[in-house]
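# Residue-level structural notes
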Amino acid sequence: MKVIVIGTGFVGLTHAAVCSEYGHEVYAYDIDRERIAAYQTGQRQEIERYVNEPELAAIVQERLARSLFFCNELAPIIEGVEVIFLCVPTPAGLDGATDLSSYLAAVSVLAPLLAQRRDAGRVVIVNKSTVPVGTARSLAQILQEYQVPNVGVASNPEFLPEGDAVEKSRRPDRVLIGADDQQDFQLLRLLYSQFVHHVRIRYIETTPETAEASKYVANSLLFTAISFWNGVAARLAETDEKIRLDELRMAVTADSRISPWGSYVSNGAGGSCFGKDIQSLIRQLRTGGQQTPLLDSVYAINEEQKTYLLERAEQQGISFQGKTVALVGLAFKQRTNDIRDASSLALIEALLQRGVSAIRTYDPMALNNARRMFTPEKNPLYSKISYHESAQEALQGSHAVCISTDWQEFRGLSRTIRQTVSPPYVILDGRRMLPDAAELVRAGYDYVAVGSVYLQ
Ligand code: NAD
C-alpha cells in the first residue's frame, strides 16, 4: 500500500520504518528540512542525532530508497496514497490542555492537496498522535469543509515505549483502530494484515472516541502506578530501615492481580507523554464537568518526587550552596537520548536555585540534547553546567553525585565513586542503582536513596 507518514520523530520515524519492513511503500514527510536531510544520508550517526532507538537506524539504512522515502514536500507524493498517518507533536499548552497547533498546521497543508487530487481512490487519514477525544470527528468536519472526496478518518493511537520502539512496533500488545466507516476499517486491516489474526496481539476495532480515550486512560493508569509506588511504598520504606523495599515489591507483586510495572521506584517519571497526557485528561474531564482529585494527586506527587532527594538531604543538614554536584543520567530513562520532561531537568533547575557552583553531567546518549537545551543565552546560570564523556570524569572534584537515570552501567558506580571522590561526600540515588551502598556507607559516604532511610 502507499502510505504517507507526517512527522518523523520517535513515533513517525519508527512507524514509517516498520511499515516499510512489512512491504508498504512509505513516504515520510516532515517540515524540519535538516532532519529530513539527515535521514536521507542513511548514515547511522545522522539518523540517531534525531531519534536514537535500538535497530532503528539499521532499518532506515536498509529500506532507504527501496520502499522508504523522505521528503519535505507533500504535493509530489499525494497521488495514489491510501493511508496517511499524522504523527506530529501534541504537547501540553500553557493551561495544560493539548496544544493542537502542529496538528492543525499539518491538516491545513494536507486537506487542500487531497481536495485537488486526480485519483479518486479511498484515502484514510489516521491520527497516531495522541489527541483529545473528539479530534477525529473534528478532522472529518475540516475535510468536509475542504470538500475532500472519498476520505475517511480513523484513530490509531500509538502505545510504543521509547527505548523499545522498534520491538514494540513489530510486536505491539494491541493495535487499536477507531473509525466509523467499514471502508476505513478494511484499509487498515490490509495495512496491518500481519496483526489482524495474530494470536498474541489484540486487534481491536471501535469508535474513534473510544480509541482516543483509551490512550489517555492507559497512560494515566500507568502514571498512577508510578506515583503510587513512589508516593506510598517508597515513602513508607523511608520511615523504617527494617522495611526492605525490594522484598516488599516482590511480596506485593506476587499477587497475579497486581502488575509489577511501575514498582521500581524512582525520582519521578519523565518523558514526553505521561505529564502532558495526564494534564490533557484532567482538562478533558473538567471540561465535561467532572472532578479530578486522583489525577491531580498523581501529577503533583510525581512533580514533587523529581527533586525530593535534595530536600531529604537538606533535612539532614546538608547544603548544596557553593558545592559542585555531579549529575549522572540525563535521559528520562535508560536506552534513549530523550530528555523531555526528565527528572534531571527539574534537578538542574533546583540545584541552580540552591546556588551550586557547578553541575558536572554525564549521560551515555543524551549529552547533545542537554547541550542544546541548556544554552547560556537562555539563562546565564546554565554556564555552570558542564558535559563529560564518562561518569568518572563527571565525578571529579564534586561534593555530591545524583543518579537520575536507570542506565545499567550505573550499577557499577560504587567502585568509580570510591576511586574518584572521598568522604565527606553525598550520594543521591534516584534509581536505587547501587547494590553495595552499605559498603559505601561503612567507608564514610552519605547515602540517600528513594525508598530507603538516610544512611551515614
Ligand atoms: P517528536 O517531537 O519526536 O516528533 C514530531 C515530528 O513532527 C518532528 O520531526 C517535527 O518536525 C514534526 N512536525 C511538527 N509539525 C509538523 C507539521 N506541521 N508537519 C509535518 N511535520 C511536523 O514527537 P513524538 O514523540 O514522535 O510524538 C508524536 C505524537 O505521538 C505525539 O502526539 C505524542 O504524544 C505521541 N506519542 C509519543 C510517544 C513517544 O514515546 N514519544 C508514544 C506514543 C505516542
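Note that the structure is a prediction, hence the values are computed from the model and not measured.

## As for the sheet that holds strand S6 (residues 151-155)
- Strands sit in the order S3-S2-S1-S4-S5-S6-S7-S8 across an open sheet of eight strands; the sheet is mixed. Two strands lie at the open edges of the sheet, namely strand S3 (68-71) and strand S8 (202-206), each paired on one side alone. Going from strand to strand, the sheet's axes swing by 20 degrees on average, the running direction of each strand aside.
- By the bridge criterion, five bridges tie strand S1 (residues 2-6) to strand S2 (residues 25-29) in an arrangement that is parallel.

## Looking at unusual backbone geometry
- The residue after Pro-423, namely Pro-424, is reached through a cis peptide bond having omega 0 degrees.
- Considering the arrangement of structural elements, one finds Pro-424 in the loop between helix H18 (413-420) and strand S13 (426-429).
- Here Glu-55, not a glycine, exhibits a phi torsion of approximately 75 degrees, which is positive.
- Locating Glu-55 in the fold gives a position in the loop between helix H3 (44-48) and helix H4 (56-63).
- The class of Glu-55 is partly exposed, set by 14 C-beta atoms lying within 10 Å.
- One non-glycine residue with positive phi stands out, namely Arg-432, at about 50 degrees.
- With respect to the element layout, Arg-432 can be found in the loop between S13 and helix H19 (437-442).
- Judged by C-beta crowding, with 20 C-beta atoms within 10 Å, Arg-432 ranks as buried.

## Some points on the sheet that holds strand S9 (residues 324-328)
- Strands sit in the order S11-S10-S9-S12-S13-S14 across an open sheet of six strands; the sheet is parallel. One side of each edge strand has no neighbouring strand; the edge strands of this open sheet are strand S11 (385-388) and strand S14 (446-449). Direction aside, neighbouring strands of the sheet carry axes that sit 20 degrees apart on average.
- In this structure, strand S12 (residues 400-403) lies alongside S13, joined through four bridges in parallel fashion. Bridge pairing links Ala-400 to Val-426 in S13.

## Focus on the UniProt feature "binding site: substrate" (unreviewed entry) in the protein chain
- UniProt's entry tags Phe-159, Leu-160, Pro-161, Glu-162, Lys-215, Gly-270 and Lys-333 with the feature "binding site: substrate" (unreviewed entry), counted in the numbering of this structure.
- Mapped onto the secondary structure, Phe-159 falls in the loop between S6 and helix H7 (165-170).
- Non-local contacts of Phe-159, meaning those with residues more than four positions away in its chain, are made with Pro-172, Asp-173 and Ala-218.
- Its place among the elements puts Lys-215 in helix H10 (residues 208-237).
- Among residues more than four places away in sequence, those in contact with Lys-215 are Thr-130 and Pro-157.

## Observations concerning the domain arrangement of the protein chain
- If you check the domain split of the protein chain, you get domain 1 (2-206), domain 2 (216-303) and domain 3 (306-449).
- Placing a centre on the C-alpha atoms of domain 1 and another on those of domain 2 gives a separation of 30 Å.
- In this assembly, ten residues from domain 1 lie in contact with ten residues from domain 2.
- Among the residues making up the side of domain 1 that touches domain 2, the classes are represented as six nonpolar, three polar and one charged.

## Observations concerning the confidence of the model for the protein chain
- Looking at the protein chain as a whole, the pLDDT averages 97, with 100% of positions reaching at least 70.
- Two summary scores accompany this predicted model of the complex, namely pTM at 0.95 and ipTM at 0.99.

## Let's talk about the UniProt feature "domain: UDP-glucose/GDP-mannose dehydrogenase C-terminal" (unreviewed entry) in the protein chain
- Taking the UniProt record as the reference, the feature "domain: UDP-glucose/GDP-mannose dehydrogenase C-terminal" (unreviewed entry) is found at residues 326-436.
- In the segment residues 326-436, helix accounts for 28% and strand for 18%; the C-alpha atoms at its two ends are 20 Å apart.

## What to know about the packing of helix H12 (residues 274-287) against helix H13 (residues 293-305)
- Contact geometry for H12 and H13: axes closest at 10 Å, N-to-C directions at 155 degrees. On the basis of the axis angle, H12 is roughly antiparallel to H13. For the crossing formed where H12 meets H13, the hand is left-handed. Facing Ile-278, Gln-279, Leu-281 and Ile-282 of H12, the residues of H13 in contact are Leu-295, Asp-296, Val-298 and Tyr-299.

Conventions used here
- Residues numbered from 1 in each chain as written.
- Predicted model: local features only at pLDDT ≥ 70, side-chain atom pairs only at ≥ 80, totals over all residues.
- Pairing = 2+ DSSP bridges.
- Helix = DSSP H or I, 4+ residues; strand = E, 2+ residues; numbered from the N terminus.
- Axes fitted to C-alpha atoms, helices over the stretch in contact; angles between N-to-C directions.
- Buried ≥ 20, exposed ≤ 12 C-beta atoms within 10 Å, placed from the backbone.
- UniProt positions renumbered as here; feature names shortened; annotations may be inferred.
- Contact = placed C-beta atoms within 7 Å.
- Domains from an automatic or database assignment.
- Nonpolar A, V, L, I, M, F, W, Y, C, P; charged D, E, K, R; others polar.
- pLDDT = per-residue confidence, 0-100.
- Parallel < 35°, antiparallel > 145°, perpendicular 65-115°, else oblique.
- Left-handed = near helix turned anticlockwise from the far one by under 90°.

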